Every structure is written in structure tokens, then in C-alpha cells.
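Inside the fold
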Amino acid sequence: MNPQAKLIFISSLLLGTTIVISSNHWITAWAGLEINTLAILPLISKSHHPRAIEAATKYFLTQATASALLLFSSMTNAWHTGQWDITQMTHPTSCLILTSALAMKLGLVPFHFWFPEVLQGSPLITGLLLSTAMKLPPITLLYMTAQSLNPTVLTGMAILSAALGGWMGLNQTQVRKILAFSSISHLGWMAIVLVYNPKLTLLNFYLYTLMTSAIFLTLNSTNTTKLSTLMTSWTKAPALSAMLMLTLLSLAGLPPLTGFLPKWLIIQELTKQEMTPAATIIALLSLLGLFFYLRLAYCATITLPPHSTNHMKQWHTNKPVPSSIAILTVLSTTLLPLSPMISPTI
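Residue indices follow the written sequence of each chain, beginning from 1 at its first position. Where local features are concerned, this predicted model is filtered to residues with pLDDT of at least 70; where side-chain atom pairs are given and counted, the filter is 80 or more; whole-chain, interface and lining totals use all residues. The side-chain numbers reported here are obtained from all heavy atoms of the structure, hydrogens and water having been left aside.

Now for the environment of Phe 113. Among the secondary structure elements, Phe 113 is positioned in the loop between α4 (92-106) and α5 (114-121). A simple rule labels every residue: compare its accessible area, found with a 1.4 Å probe on the protein chains alone, to the largest value its type can have, and call it buried under 20%, exposed over 50%, or partly exposed in between. When its relative accessible area of 59% is taken as the criterion, Phe 113 is described as exposed. Taking the C-alpha atoms as reference points, Phe 113 and Leu 142, 29 residues apart in sequence, are found 21 Å from one another. Per the convention used, a helix needs a DSSP run of H or I reaching at least four residues, while a strand needs a run of E reaching at least two, with both numbered from the N terminus.

Interaxial angle, 0 to 180 degrees, is taken between N-to-C directions of lines fitted to C-alpha atoms, where a helix line uses only the stretch in contact. For the pair helix α3 (residues 50-81) and α5, interaxial distance at closest approach is 8 Å and the crossing angle is 145°. You can see that α3 and α5 cross each other, and the crossing is left-handed. Residues Arg 51, Ala 52, Ala 55, Lys 58, Tyr 59, Thr 62 and Gln 63 of α3 pack against Trp 114, Glu 117, Val 118, Gln 120 and Gly 121 of α5. Each residue receives one of three labels: charged for Asp, Glu, Lys and Arg, nonpolar for Ala, Val, Leu, Ile, Met, Phe, Trp, Tyr, Cys and Pro, and polar for the others, Gly being one of them. Counted by class, the contact of α3 with α5 contains 5 nonpolar, 4 polar and 3 charged residues. Throughout, a crossing is termed right-handed when the near helix is turned clockwise from the far one, and left-handed when it is turned anticlockwise from it by less than a right angle. Contact between two residues is taken to exist if any of their heavy atoms lie within 4.5 Å; hydrogens are not considered.

This part is about the packing of aromatic side chains. Any pair of Phe, Tyr and Trp rings, taking the six-membered ring for Trp, is counted once the centres come within 6.5 Å. Such a pair is stacked with planes under 30 degrees apart, edge-to-face with planes over 60 apart, and tilted for the rest. Inspection of the entire model under this criterion finds 5 aromatic pairs. Measuring from ring centre to ring centre gives 5.0 Å for Phe 292 and Tyr 293, while their planes differ by 50°; the resulting arrangement is tilted. What makes Phe 292 buried here is its relative accessible area of 1%. For Tyr 293, a relative accessible area of 3% translates into the label buried. What links up through ring pairs into an aromatic cluster is the set Tyr 59, Trp 114 and Phe 115.

Next comes the structure, spelled out in C-alpha cells:
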């Protein structure tokens, strides 16, 4: 892709995200979301492969539907209350339509079907943008309207997301699809606590972004997209593979790694809100995710493929690890001791 074109698309992404985050009127928020959608489409389809074109088409159709629903919900609310302010979303039907629209934007169950397909058809760096940066504007809108949303609907969607994200990731062999189902599962954790403590949702999103960025950049540097290539990538960069294993376990939420922090705080908050059954269910469902993270970690470092003679070993490279990956992987595994500093502010 032409560097100037890429610069325009990345700038448009930043502009769209900034407009959504800083707006307090529904029309400007909608315009920001549309700029974001249009800017990411060329980045998805830049390889001109039929699967990439299919992914871009699916992404465009789902995001256009979600934007139309968002506009419809804000117009319905304005019609009933005379308010276009984002924080003044008070009409119950509007809130329900808004929840559906933002769930579709994010890929929450039951609007998740597009996300694994789109991620599978995208390059790894575009996949990283789809999993992290493109989720920030809808999560910001959820944060701003949190006090108006229906807790029962969100809890139901969250538990279903954690269940399906874990369940459907079990038999995948494509790394991008596994990371897509991982994203759906993590969105469940964010959604369940949104009404009770929106700051915890944001903390979970920031830490999820940190860990996912580390994983996508590592996979991009070793050029890995399937489990079979992940199995032989350890010969190329052993230290990087070892850190990838730790980052994957952190994403699974194992103590004493960074990923344990949001899960611990969310379960604590749910227990305070007398939602112990929901906390127990979502904690048990995270074991499904743990299984496929362990499978990825096992493939990354601990195993050779059974038919190793048929696999070309990759040459060991003495190329230094990029500093961005080094910083992200260290942060993804060592931030748990900061929890006493974070807990009082949440």
C-alpha cells in the first residue's frame, strides 16, 4: 500500500476515535464511528485476496447496520425526551436498541458472528487494530451511557460471550481466529461489570489492549498465522517464544501475571454487588479460555510437532527484538504488583 494512503487512513482512524471520545452529541459520535469504519476498510482489503475482500464486505455491512441502529436509538430517545446529549439516554427502548448497536460494533454475543471471519481475512497488524483501537469508541459510548443501560441484558450477553468465546475457540487451528474468540470472551468480562463499575471496564480494556498488542506484534515479527507454524517458530526466536508463552498465560488471567488483575477486581466487585452466582459462572467459563491459551502456549514453546521431519525448521535469527515488543511483553507479565495502587481509585 502507498505510504501516503496508509498515513491518511491511520490519521482518519485517530480522527474518528478522537471525535467519538470527545463528543457529547449523538450525531458527532455517529460521524466519528463512520469515519473509523471507512478508514479501516482499505486496511482490511489491502492484500486483494478474495478472503480479505470478503472480510471487508462483512465488516462494512455489520458496522453500517450497527451505525444505523445507533442513529435510530438516539433519534427515538430525542423524539421522546428532546435530548441529543449522550449522557441523557433515558428512554428504555432506546437504551435496548443502543445496547444491541454497540454489541454489534464490538462483537458481543449474539452479534459476534462477523468478528472471527473478519479477523481471519485481515493481515495481523490490521487484526490488532480491529481487536483493540476499533473497540475503543464503542466502549467509550458504553462508558458514557452506563447508568442508563439494562443490567440484566448486559449480564446475559456477558455470560454468553464468555461461554461462546471459550467454547468456539477450543477446536481452532488458525491463530487469528483463536484471538478473535479470546476477544469475545474478554468483552464478556468487560460487559458484566459495566453497569456497576465502569472504571473497571476501562481498566480491563486497557490491560487487554496491552496484552493483545504484545501477542499480535510477536506473531507478526515471527510471521505466524497457524498453530503448525507456531510450533516451529521457537527455533527462529527462542526468547521471544518464551515471552509469548508468558503473555498468553497472562491473557488467560493466571496469577501472578498482569491478566489476573482485572479478573480479580471484577470478581470482587460482582461479589460486592451480591452477584456471586454470575461471578462464579463467568470465572468457571474462563477455564474454557485457559484451555486454548495453554494450547497456544504449549505450541509456542514446549513442543515439537509430532511429524517434525515434514516441517521446515526456521533459521535462528540474531535480529534484535523490537523495543516495542520488549516493553509490551514485560508490561503484560509484571503489572500485578501495582494492584494496591489501582484498587483505591476504582
